[in-house]
Amino acid sequence: MSILDLARPEIRGLQAYSSARTEAAMAEVMLNANESAWPPAGVPMPLHGRSLNRYPDPQPRDLLARLAELYSVDESRILMGRGSDEAIDLLIRAFRRPGMDAIAIAPPTFGMYSVCAAIQGAKCIQVPLDRRFELDVDVLLEKLPASLKVVFLCSPNNPTGGLISHASIGRIATALHERALVIVDEAYIEFANAPSATVLLGRHENLGILRTLSKAWGLAGARVGCLLADSEVISLLRRIMPPYPLPTPSIVAALAALNAEGLELTRQRIGLVVSERERLAAALVRLPSVVEVLPSQANFLCVRFDDAARVQRSLQRDGVIVRDVGRHPRLEGYLRITVGSREENSRLLEALVRQEVSG
Ligand SMILES: Cc1ncc(COP(=O)(O)O)c(C=O)c1O
């Protein structure tokens, strides 16, 4: 059986759109894509040798090569898109038959999995994390029906911050072999004290990993993320992806962030975020208004306050915005606090201490 047998039959048989940029290489005279012959007014030209009046390479080779090196996977296993959000949507579209198949998630977790499922009319099976916000693999496997096509696991999990072990991921992928795709969302893995599950890719053809440049790499505004998966899955998704997913300025920004200097700076910043996360957590647990700080392997802390609404309002008055995650199951009373710069974190702590004194 091929992994593609799990995909929707009409997608497997789809004649993909063939774009001008994929049909022909760049040449001196480019008259094949109905582009303008002139660069746009007011834009400094060229952007690292790339002309904005030309459509970008759908999967730019230089960026693909950098990401393959960064993630230690073969280029054929990478699909680059507009953030990892795009891959979540593509996976559900390609693998779930309308009105028939389901996806599964382990709440409380990142909201886009269920939103993409709802948009596409897919049933979303929810297998909650246990009392300590960890995944119970036995319960998960028990609850998964035959109609399941994709399970999304988030590690470190947003918004609770916990990791899923490689042993658990391997067990789930083995149990769902020839049944469903297992997608591990590693948007925050750079901040974790554990390696990426990409090391498991060669062992499980139904495993996929989501990575993004939006978090540790500071490129949320550029919208660059990827799916790492079996090369057949990657080719299938490329067929349903719009022809030019990555804007040229985003490609240029990503290449700059991934050069030797960018790698070094990012490594330092990750170290800083991790040490600030620990400093923040230690300071927060000492505050009387804090009930619990969940252990986190990400660049945020999920914190339970005695009166989260009051804390959030008062922080806002002090110019500090944090996220209320109380709408998630079992997270009533919790706020998610992103770890910022040292100065930002100190400002947060000072505001919280002031509240304690005045409140
Ligand atoms: C767990 C998780 N996955 C994916 C994303 C989306 O990231 P991107 O910016 O790559 O679309 C986020 C964004 O917050 C996230 O928290």
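For clarity, every value in this text was computed on a predicted model and none was experimentally measured. (Residues numbered from 1 in each chain as written. Predicted model: local features only at pLDDT ≥ 70, side-chain atom pairs only at ≥ 80, totals over all residues.)

Concerning the overall build of the protein
Inference 1: When helices and strands are counted, the protein shows 12 helices and 11 strands.
Inference 2: Computed over C-alpha atoms, the radius of gyration of the protein comes to 22 Å, within 12% of the 21 Å expected from 2.2 N^0.38 for 359 residues, which places it in the range of a compact globule.
Inference 3: Counting only C-alpha atoms and orienting by the principal axes, one finds that the protein spans roughly 70 × 55 × 30 Å.
Inference 4: Burial statistics for the protein: of 359 residues in total, 38% are counted as buried. (Helix = DSSP H or I, 4+ residues; strand = E, 2+ residues; numbered from the N terminus. Rg over C-alpha atoms; globule rule 2.2 N^0.38 Å. Buried ≥ 20, exposed ≤ 12 C-beta atoms within 10 Å, placed from the backbone.)

Regarding the pairing of strand E1 (residues 78-81)
Inference 1: The alternating pattern of E1 places Ile-78 and Met-80 on one face and Leu-79 and Gly-81 on the opposite face, and all of these are buried.
Inference 2: Taken together, the four bridges between E1 and strand E7 (residues 225-228) define a ladder with antiparallel strand orientation. If you follow Met-80 over to E7, its bridge partner there is Cys-226. (Pairing = 2+ DSSP bridges.)

Quick look at unusual backbone geometry
Inference 1: In this model, Ser-155 is joined to Pro-156 through a cis peptide bond whose omega is -5°.
Inference 2: Its place among the elements puts Pro-156 in the loop between strand E4 (148-154) and helix H7 (166-175).
Inference 3: A cis amide bond links Asn-158 to the next residue, Pro-159, at an omega of 15°.
Inference 4: Counting through the fold element by element, Pro-159 comes out in the loop between E4 and H7.
Inference 5: In this model, Phe-133 sits at a positive phi of 60°, which is unusual for a non-glycine residue.
Inference 6: By secondary structure assignment, the location of Phe-133 is in the loop between strand E3 (123-126) and helix H6 (137-143).
Inference 7: Backbone geometry places Arg-330, a non-glycine residue, at a positive phi of 65°.
Inference 8: Within the secondary structure layout, Arg-330 lies in the loop between strand E10 (323-324) and strand E11 (334-338).

Comments concerning the domain arrangement of the protein
Accessible area lost upon the coming together of the parts is a frequently used measure of interface size.
Inference 1: The domain architecture assigned to the protein consists of domain 1 (3-19 + 55-258) and domain 2 (270-358).
Inference 2: Each partner contributes residues to the interface: domain 1 has 19 residues there, and domain 2 has 18 residues.
Inference 3: Class assignment of the residues belonging to the side of domain 1 that touches domain 2 gives a composition of 12 nonpolar, five polar and two charged. (Domains from an automatic or database assignment. Contact = placed C-beta atoms within 7 Å. Nonpolar A, V, L, I, M, F, W, Y, C, P; charged D, E, K, R; others polar.)

Considering the site of the ligand
Inference 1: Lining the immediate surroundings of the ligand are Gly-83, Ser-84, Asp-85, Phe-110, Cys-154, Asn-158, Asp-185, Ala-187, Thr-212, Ser-214, Ala-220 and Gly-225.
Inference 2: Of all the elements, helix H4 (residues 83-95) adds the most residues to the shell around the ligand, at three residues. (Near = placed C-beta within 6 Å.)

Concerning the sheet that holds strand E2 (residues 102-105)
Inference 1: Across the sheet, seven strands lie side by side as E1-E7-E6-E5-E4-E2-E3; this open sheet has mixed pairing. Strands at the two margins of the open sheet, each flanked by one partner only, are E1 and E3. Averaged over all pairs of adjacent strands, the angle between their axes in this sheet comes to 20°, without regard to strand direction.
Inference 2: Alignment of E2 against E4, held across three bridges, turns out to be parallel. Bridge assignment links Ile-103 to a residue of E4, and that residue is Val-150.
Inference 3: Strand contacts of helix H3 (residues 61-71): E1, strand E6 (207-212) and E7, with the helix running at about 120° to E1, the strand carrying the most contacts.
Inference 4: Of the strands in this sheet, E1, E6 and E7 touch helix H8 (residues 231-240), which is tilted by about 30° from E1. (Axes fitted to C-alpha atoms, helices over the stretch in contact; angles between N-to-C directions.)

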